[in-house]
Amino acid sequence: MGDRKSDMERVGLFQEMGYVSIGDKYKTPGISFNDASAKGRQMLPGGEKMKSALQGGYFSDKFNRVLEGESYSDPIKMRRVNRMEESKKNISKAFLPSNGDKKPSGLGSHFGTFGGNVSAFSPASASGKGYKAPGKNILTNPGKKGTGFGYVGVTLGKYPNNMSESYGNDREKARKEIEIHRKSVKGGSFKLNMHPQAYFDHNPYKTDKNLPPLRKVSSAGKRDIKPFKPSSPGKKPAGAKIGTFDPYPSHSSDPYNVKYKRPIHVVNKSGKTFSPSQGPKSTPCNSIVNQNVIRTINIQNYRSMTVV
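Residues numbered from 1 in each chain as written. Predicted model: local features only at pLDDT ≥ 70, side-chain atom pairs only at ≥ 80, totals over all residues. Heavy atoms only, no water.

Novice: Explain the overall build of the protein chain here, please?
Specialist: When helices and strands are counted, the protein chain shows four helices and zero strands. Starting at the N terminus and ending at the C terminus, the protein chain contains elements arranged as α-α-α-α. In the protein chain, of all internal contacts separated by at least 6 residues, the share reaching a separation of at least 24 is 31%. Per element, the accessible surface of the protein chain, about 35100 Å² overall, is 57% carbon and sulfur. (Helix = DSSP H or I, 4+ residues; strand = E, 2+ residues; numbered from the N terminus. Contact = heavy atoms within 4.5 Å. Areas by Shrake-Rupley, 256 points an atom, 1.4 Å probe, with all protein chains shown as cover.)

So this is what it looks like as structure tokens:
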């Protein structure tokens, strides 16, 4: 059935569409811009020029100097005139700095100092009374030799005397202090009967009520209690099909037979061969980009036709 279709049925059109462009002039494809610039005589450049010492590679015919017609100025003369004008601004004589630092000429010399010569350091003999010795210094015994470890009488102070001390004297003193404290206390220690408690008890099964007495169970009403036994684990399905809910069906012989035979030369009531109806036909559609291009070309063609 697919090979007998015509070209129109393949495209999806019921009839061949007419052509509206018969007899029109041929137009070059593409978008034309500023067609008037290509008509008439065009600008003819003079060709490429190479840069050289001549004026051929420049826009002007004559080389113009930057300082042409300017008077000559002497920089030395201008510097002298400027210095003379600045000197006229001085009110008094030129400023002279003070003398430089003076360096000492040798050891014991006071040349270059602010105070000058000091009379106390003069080597000349001073007139006055003779020298009187101030007297002897305090005399002490010389230091004793030795480190002092294990030796008596080598320290500045007196060596302490040996005093006997009973064993456990600190415990006896502590016991006496505790007895004195107990005698000075009146009554027992203060105990608060409203001691704060936590929000929750440590033992949730603790209760202040007494437990009820145990009930005696008669032997006649005694139940037969058996220990709990879990069920067998699930079995995995395998070739034996043991883990299924239903038993595996037994095999039955089922020979292969053709259940449906396709009829040959099926005809309808009028005696013609049955042919199914054709499905819905679809028309070819252009993409959005292609539609925009065609629309732009049509607008330009329309504008060129109106201008002509």
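The structure having been displayed, the exposition proceeds.
Novice: Just to check I follow, could you spell out helix H3 (residues 169-184) for this structure?
Specialist: Residues spaced three or four apart along an α-helix point in a common direction, a consequence of the helix completing one turn every 3.6 residues. Between its terminal C-alpha atoms H3 stretches 23 Å, which fits the 22 Å expected from 16 residues at 1.5 Å a residue. Little of H3 is tucked away, with zero of its 16 residues classed as buried. (Expected span 1.5 Å × (residues − 1). Buried < 20%, exposed > 50% of the residue type's maximum accessible area, 1.4 Å probe, protein only.)

Novice: Is there a simple way to explain the pattern of salt bridges in this structure?
Specialist: Two side chains carrying opposite charge are able to pair once their charged atoms lie near each other. Within this structure, the stated rule accounts for three salt bridges. Between Glu172 and Arg175 there is a salt bridge, and its shortest N-O distance comes to 2.1 Å. Taken as a pair, Glu172 and Arg175 lie in helix H3 at a separation of three residues, close to a single helical turn. For Glu172, a relative accessible area of 31% translates into the label partly exposed. Arg175 is paired through a salt bridge with Glu179; the nearest N and O atoms lie 2.7 Å apart. Residue Arg175 and its partner Glu179 are both found in helix H3; the two are separated by four residues, about one turn of the helix. You can call Arg175 partly exposed: its relative accessible area is 40%. (Salt bridge = Lys/Arg side-chain N within 4 Å of Asp/Glu carboxyl O.)

Novice: Quick question: what am I supposed to make of the confidence of the model for the protein chain here?
Specialist: For any part of a model where pLDDT is low, the fine detail of the predicted coordinates should not be relied upon. Residues at a pLDDT of 70 or more form 82% of the protein chain, whose mean pLDDT is 77. Mean pLDDT in the protein chain bottoms out at helix H1 (residues 7-11), which sits at 66, and peaks at helix H2 (residues 75-87), which reaches 92. (pLDDT = per-residue confidence, 0-100.)

Novice: What am I meant to see in a nonpolar patch on the surface here?
Specialist: Taken together, the side chains of Phe190, Leu192 and Met194 make up a nonpolar region of the molecular surface, amounting to roughly 430 Å² of accessible area. Turning to its location among the elements, Leu192 is positioned in the loop between H3 and helix H4 (288-307). Residue classification places Leu192 among the exposed positions, given a relative accessible area of 55%. (Patch = residues over 30% accessible without salt bridge, like charges linked within 9 Å, V, L, I, M, F, W, Y side chains within 5 Å.)

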